[in-house]
Amino acid sequence: MILSLNELMAVYPEQLWIEIEPEAREKAWQQTQNQKYSNAASRWNAYLNCLCLNSFTRWIKEEPDLQETLRVWPAEASLPSIWDVVNGTKLTLGETELVIIPNDKSAFAEFRIPQEWVDIPSWASHYYLAVNLNLEAGWMRVCGYANRERIQQRGRCDRTDRTYVLEPEDLIADLNVMWVARELFPAKKLAVKPLPTLSKAQTEKILEQLSQQIDYSPILALPFEQWASLIANDKNRQKLYQLRLAKQNIAPKQPTATNLSLWLQNIFEAGWQSVDTILGTQRETLAFQFRTNAALNDVSVKGLKLIDLGMDLKGNTVMLLVGLTPEIDEKVNIRVQLYPAKGESYLPPNLKLGLISPSGVTLQEVESRSQDNYIQLKRFKSPTGKGFSIQVTLGDVSIKEDFVLSSLIG
């Protein structure tokens with residue numbers, strides 16, 4: 001049964017509910033269409049944030065008890081450079097700093113806070129608000145909030161997308177508690193561990209590297225401290241943003257194949273992570289899912305990459321897992337799987353995973369159904385010196401990853 005907005009407000013009276021009129025959606029859409037973003041996923045992220053910001057700002061202005069001016073940090077002109085790579089918007093209300101973080105999932109199961117908003121000194125805030133947008137029903141709700149201390153104490157760090165994750169029960173649902181706390185306990189300067197300083201040479205090298213990666217978020221291409229140091233600097237973040245935009249107008253280079261031989265030496269190229277490293281550093285549903293998947297029990301090396309299909313997935317991502325097992329015949333046994341990401345239980349339906357030969361022939365293909373928590377290709381072998389491609393397709397959008405096995409050294 002689908003409840004109306006009034007019925008939802010009666011069931012959850014402690015939460016803040018805001019109606020979103022079609023005109024508000026159109027306004028936010030036009031605002032983000034008039035801005036520039038490096039890829040479709042970033043533009044969708046910007047749209048959700050813009051809609052969330054406009055709606056929340058309107059509500060604040062209509063509240064008679066909140067007379068202070070709500071300001072965007074650091075300035076509205078800076079928002080595209082932030083939304084191109086990070087979800088969320090920081091606001092100031094008097095001396096209080098807060099971050100609103102939207103999502104458009106059908107059910108609010110967890111609160112994911114990008115690590116940047118917590119661990120970059122200038123970005124860190126006193127309060128973090130979990131906002132759930134239902135675009136079809138035309139409403140948004142603030143499911144609750146947490147202060148920075150609670151995130152550090154109770155949040156688990158998900159290294160697959162560098163977010164702090166809180167369960168719904170860890171949030172305070174009633175925003176009035178936050179407003180009262182502002183009055184009783186004036187905002188204090190936050191104690192955040194300082195970030196290392198990047199040299200000019202390091203900065204230029206990193207900017208050039210990250211400017212090449214416009215098809216997906218660059219946040220996993222560097223250690224967090226380097227990435228955070230780069231975007232914390234307004235000038236460097238704006239430069240990265242402009243470089244990524246400029247790459248849209250350049251003919252794409254011939255894609256470079258991922259060398260799987262390096263994985264056997266525990267070397268993973270930009271965008272890829274070792275699954276064993278992830279499982280060894282955190283406890284989460286994903287880790288349990290991988291551990292209980294019998295198809296992965298005899299896989300020696302496993303690599304993971306976030307794949308973004310842009311607007312067709314509403315800015316969400318899926319996880320491509322490639323597992324390797326060396327064989328005695330100078331070949332490698334390969335297992336390929338696709339998982340949902342960022343707290344989703346199921347893959348979107350009609351998502352295709354395919355194995356493509358060097359000549360472009362589809363050798364295998366599987367398609368997700370309505371409640372598949374993962375899909376996989378049949379095992380196959382690849383000899384050294386030969387390449388293959390894995391293609392992820394949803395509707396008219398496809399992402400292809402090329403692989404080659406240069407040798408079995410290591």
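Below, the structure is looked at part by part. Everything numeric in this text was worked out from a predicted model, so none of it was measured. (Residues numbered from 1 in each chain as written. Predicted model: local features only at pLDDT ≥ 70, side-chain atom pairs only at ≥ 80, totals over all residues. Heavy atoms only, no water.)

Quick notes on the packing of helix H8 (residues 200-211) against helix H10 (residues 234-247)
The N-to-C vectors of H8 and H10 enclose an angle of 35°; their axes lie 9 Å apart at closest approach. Of the two possible hands of crossing, H8 and H10 adopt the one that is right-handed. Here Thr203, Glu204, Leu207, Glu208, Leu210 and Ser211 of H8 lie close against H10, whose contacting residues are Asn236, Lys239, Leu240, Leu243, Arg244 and Lys247. By residue class, the composition of the contact of H8 with H10 is 4 nonpolar, 3 polar and 5 charged. (Axes fitted to C-alpha atoms, helices over the stretch in contact; angles between N-to-C directions. Helix = DSSP H or I, 4+ residues; strand = E, 2+ residues; numbered from the N terminus. Left-handed = near helix turned anticlockwise from the far one by under 90°. Contact = heavy atoms within 4.5 Å. Nonpolar A, V, L, I, M, F, W, Y, C, P; charged D, E, K, R; others polar.)

Some thoughts on the nonpolar core
In this structure, Phe56, Ile113, Trp117, Tyr128 and Leu129 are the most contacted members of the largest nonpolar core, which totals 82 residues. Counting residues per element, this core draws most heavily on helix H3 (residues 40-62), at 11 residues. Non-local contacts of Ile113, meaning those with residues more than four positions away in its chain, are made with Ile101, Val118, Tyr128, Ile151, Arg162, Thr163, Tyr164 and Leu166. Counting 28 residues, the second-largest nonpolar core is a separate cluster that includes Leu260, Phe268, Trp272 and Leu338. (Core = buried A, V, L, I, M, F, W, Y, C linked by side-chain atoms within 4.5 Å. Buried < 20%, exposed > 50% of the residue type's maximum accessible area, 1.4 Å probe, protein only.)

Brief notes about the pattern of salt bridges
What the rule picks out here adds up to 14 salt bridges. When the shortest N-O distance is used, the salt bridge between Asp119 and Arg148 registers 4.0 Å. Here Asp119, found in helix H5 (residues 115-119), pairs with Arg148, found in helix H6 (residues 148-154); they are 29 residues apart in sequence, far enough to count as distant. With its nearest N and O atoms 3.0 Å apart, the salt bridge here joins Arg156 to Glu167. Placement of the pair is Arg156 in strand S8 (residues 156-158) and Glu167 in the loop between strand S9 (163-166) and helix H7 (175-184), with a sequence separation of 11 residues. Of the residues examined, Arg156 reaches a relative accessible area of 24% and is grouped as partly exposed. Judged by its relative accessible area of 27%, Glu167 is partly exposed. (Salt bridge = Lys/Arg side-chain N within 4 Å of Asp/Glu carboxyl O.)

Examining the sheet that holds strand S16 (residues 362-367)
What the 5 strands build is an open sheet, ordered S10-S20-S19-S15-S16; its pairing is mixed. The open sheet has two free edges, formed respectively by strand S10 (258-259) and S16, since each of these has just one partner strand. Judged from the 6 bridges that link them, strand S15 (residues 351-356) and strand S19 (residues 387-394) form a sheet pairing that is antiparallel. Residue pairing in the sheet places Ile356 in a bridge with Ser389 of S19. (Pairing = 2+ DSSP bridges.)

Things to note about the sheet that holds strand S3 (residues 89-93)
As summarised here, the arrangement of the 6 strands in space is S1-S7-S6-S4-S3-S2, forming an open sheet in which the pairing is mixed. The open sheet is flanked by strand S1 (16-19) and strand S2 (70-73), the only strands paired with a single partner. Each strand of the sheet is rotated relative to its neighbour by a mean of 30°, with strand direction disregarded. Bridging between strand S6 (residues 127-134) and strand S7 (residues 139-147) involves 8 bridges; their strand directions are antiparallel. Bridge assignment links Asn134 to a residue of S7, and that residue is Trp139.

What about the side chain of Thr163?
Within the secondary structure, Thr163 sits in strand S9. Only 2.9 Å separates the side chain of Thr163 from the side chain of Asp161, close enough to count as a polar contact. (Polar contact = N/O pair within 3.5 Å; in protein donor to acceptor, adjacent residues only side chain to side chain.)

Some details on the environment of Val72
On the secondary structure map, Val72 appears in strand S2. Accessibility expressed as a relative area gives 18% for Val72, which makes it buried. When the C-alpha positions of Val72 and Thr92 are compared, they lie 6.5 Å apart, and in sequence the two are 20 residues distant. Each residue touching Val72, except ones within four places of it in the same chain, is listed here: Leu53, Leu79, Thr89, Lys90 and Leu91.

Remarks on the pairing of S3
Counted residue by residue, S3 has 5 buried out of 5 residues, so it is predominantly covered. Relative to strand S4 (residues 96-103), S3 runs antiparallel, the two being bridged by 5 bridges. From the neighbouring strand, Thr92 faces S4, where its bridge partner is Glu97. Between the end of S3 and the start of S4, which pair antiparallel, lie 2 residues, with Gly94 showing a positive phi angle near 65°.

Structural notes on the packing of aromatic side chains
Taken as a whole, this structure holds 15 aromatic pairs when the rule is applied. Seen from their ring centres, Trp44 and Tyr47 are 5.3 Å apart, and the 55° between their planes marks the pair as tilted. Taken together, the residues span about one helical turn, with Trp44 and Tyr47 both in helix H3 at a distance of 3 residues. By relative accessible area, which is 9% here, Trp44 ends up buried. Among the aromatic residues, those joined into a cluster by ring pairs are Trp263, Phe268, Trp272, Phe380, Phe388 and Phe403. The aromatic ring of Trp73 is capped on one face by Lys90, whose charged end is 4.5 Å from the ring centroid. Directly above the aromatic system of Tyr12 lies the positively charged group of Arg141, at a separation of 5.8 Å from the ring centroid. (Phe/Tyr/Trp six-rings, centres within 6.5 Å; stacked < 30°, edge-to-face > 60°. Lys NZ or Arg CZ within 6 Å of the ring centre and 35° of its normal.)

So yeah, pure geometry; function would need other evidence.
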